[in-house]
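A structural walkthrough
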Amino acid sequence: MPNAAKLVAALCLAAVGFFGAVAVAPHLPDGQSPGRLGQIAAAIGALIGWRLLGRDLSPRPTLAPVGPPGFVTFASAGIKAAAVTAVATLFVTSFVVMILRSLDGRYRGPMDALVGVFALALDYGQLFFHPDVLATLILGGILAAWAAARAGRAWR
């Protein structure tokens, strides 16, 4: 069911995905351009924001009165959503690179290509451990969760 929390979560996490990709771009190996990494990360972020973060922070009817969610709720939901967005973007881009490499004939067969996806994911996954990338994902995820929760409470 669409609601304000899901919409705001999708928009904010799309921005987090895009700016996370922008933060990763300077750390790419020499001669490798980010291409459409920002757009892919934004699309995945919007999907994860709608399906995961928006669901986690949508107001739910309960029998007992419950206060507004606190910082721990925002932080855990936002960091989880940002991490899922980063990992999903990592595997989608690794799969795309594998397809492009397989068209060049770099793999001997389907199993070699499948192993290549995970090898690429391990190589590209190291890029997430730079401080600026981590800060972008963690702080962006927390802010996205806070905005989604505020929107969910404001526009029921």
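One structure accompanies this document, and this report is about it. Keep in mind it's a predicted model, so treat the numbers as computed, not measured.

With that settled, the discussion passes to the packing of helix α2 (residues 37-57) against helix α3 (residues 71-103). Put simply, α2 and α3 touch, their axes get as near as 9 Å, and they point 145° apart. Crossing handedness for the pair α2 and α3: right-handed. Residues Leu37, Ile40, Ala41, Ile44, Gly45, Ile48, Leu52, Leu53, Asp56 and Leu57 of α2 form the contact with α3, whose participating residues are Thr73, Ala77, Gly78, Lys80, Ala81, Val84, Thr85, Ala88, Thr89, Val92 and Thr93. Looking at the contact of α2 with α3, its residues break down into 13 nonpolar, six polar and two charged.

Here the structure, examined in full by the defined rule, presents two salt bridges. Across the pair aspartate 56 and arginine 55 runs a salt bridge whose closest N-O atoms are separated by 3.7 Å. Its relative accessible area of 23% is what places aspartate 56 among the partly exposed residues. A single salt-bridge network, built from bridges that share partners, covers Arg55, Asp56 and Lys80.

Take α2 next. At glycine 49, α2 is bent by approximately 40°, the largest bend along its length. Among all positions in α2, only Leu37, Gly38, Ala41, Ala42, Ile44, Gly45, Ile48, Gly49, Leu52, Leu53, Gly54 and Leu57 are buried. Elements that come into contact with the buried residues of α2 comprise α1 (4-24), α3 and α5 (131-154).

In this structure, Val24, Leu53, Leu57, Phe128 and Leu137 are the most contacted members of the largest nonpolar core, which totals 36 residues. When contributions to this core are tallied by element, the ones reaching two or more residues are α1, α2, α3, α4 (110-125) and α5. The element contributing the most residues to this core is α3, with eight residues. Aside from chain neighbours lying at most four places away, what touches phenylalanine 128 is Val24, Ala86, Leu90, Val133, Leu134 and Leu137.

In the contact formed by α3 and α5, the axes pass within 7 Å of each other and the chain directions differ by 120°. As summarised for this structure, α3 and α5 are arranged oblique, according to the angle between their axes. Crossing geometry of α3 relative to α5 is assigned as right-handed. In this structure, α3 contributes Phe71, Phe74, Ala75, Gly78, Ile79, Ala82 and Ala86 to the contact, and α5 contributes Leu137, Ile138, Gly141, Ile142, Ala145, Trp146, Ala149 and Arg153. For the contact of α3 with α5, the residue count by class is 12 nonpolar, two polar and one charged.

Scoring rules and cut-offs
Residues numbered from 1 in each chain as written. Predicted model: local features only at pLDDT ≥ 70, side-chain atom pairs only at ≥ 80, totals over all residues. Heavy atoms only, no water. Axes fitted to C-alpha atoms, helices over the stretch in contact; angles between N-to-C directions. Helix = DSSP H or I, 4+ residues; strand = E, 2+ residues; numbered from the N terminus. Left-handed = near helix turned anticlockwise from the far one by under 90°. Contact = heavy atoms within 4.5 Å. Nonpolar A, V, L, I, M, F, W, Y, C, P; charged D, E, K, R; others polar. Salt bridge = Lys/Arg side-chain N within 4 Å of Asp/Glu carboxyl O. Buried < 20%, exposed > 50% of the residue type's maximum accessible area, 1.4 Å probe, protein only. Bend = angle between axes of the 7 residues up to and from the residue. Core = buried A, V, L, I, M, F, W, Y, C linked by side-chain atoms within 4.5 Å. Parallel < 35°, antiparallel > 145°, perpendicular 65-115°, else oblique.

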